[in-house]
Amino acid sequence: MLRFLTIIALTLLTGPVWAAAYSRPIPQAQSATAEFWFFIASVALVAALLAVNWLVTRR
């Protein structure tokens, strides 16, 4: 009897759930400031990789 009540309770609790429709995000345009900082970060990454390469080849 308890198993039967548990099954009924779980069935009623997990009824159909109404979700909102998915709306795809619209990408925003990049600003000139964001492109500048991305360039600076890219140059810093390349410089760090070159420094690591130089340190590893010295060993």
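Everything numeric in this text was worked out from a predicted model, so none of it was measured. (Residues numbered from 1 in each chain as written. Predicted model: local features only at pLDDT ≥ 70, side-chain atom pairs only at ≥ 80, totals over all residues. Heavy atoms only, no water.)

Colleague: Can you walk me through the overall build of the protein chain in this structure?
Modeller: Secondary structure summary: the protein chain contains two helices and zero strands in total. A total of 59 residues make up the protein chain; the buried ones form 0% of that total. (Helix = DSSP H or I, 4+ residues; strand = E, 2+ residues; numbered from the N terminus. Buried < 20%, exposed > 50% of the residue type's maximum accessible area, 1.4 Å probe, protein only.)

Colleague: Please explain a nonpolar patch on the surface as it appears in this structure.
Modeller: On the surface, M1, F4, L5, I8 and L12 cluster together into a nonpolar patch covering about 590 Å² of accessible area. Relative to the helices and strands, L12 resides in helix α1 (residues 2-13). (Patch = residues over 30% accessible without salt bridge, like charges linked within 9 Å, V, L, I, M, F, W, Y side chains within 5 Å. Areas by Shrake-Rupley, 256 points an atom, 1.4 Å probe, with all protein chains shown as cover. Salt bridge = Lys/Arg side-chain N within 4 Å of Asp/Glu carboxyl O.)

Colleague: Would you take a moment to explain the packing of aromatic side chains for this structure?
Modeller: Two measures describe an aromatic ring pair: the distance that separates the ring centres and the angle between the ring planes. Inspection of every chain in the model, using the stated rule, returns one aromatic pair. On the numbers, 5.2 Å between centres and 70° between planes, the contact of F36 with W37 is edge-to-face. F36 sits in the partly exposed class, given a relative accessible area of 44%. Overall, the relative accessible area of 54% leaves W37 in the exposed class. A cation sits over an aromatic face here: R58 above W54, 4.8 Å from the ring centre. (Phe/Tyr/Trp six-rings, centres within 6.5 Å; stacked < 30°, edge-to-face > 60°. Lys NZ or Arg CZ within 6 Å of the ring centre and 35° of its normal.)

Just geometry here; none of it tells us what the structure is for.
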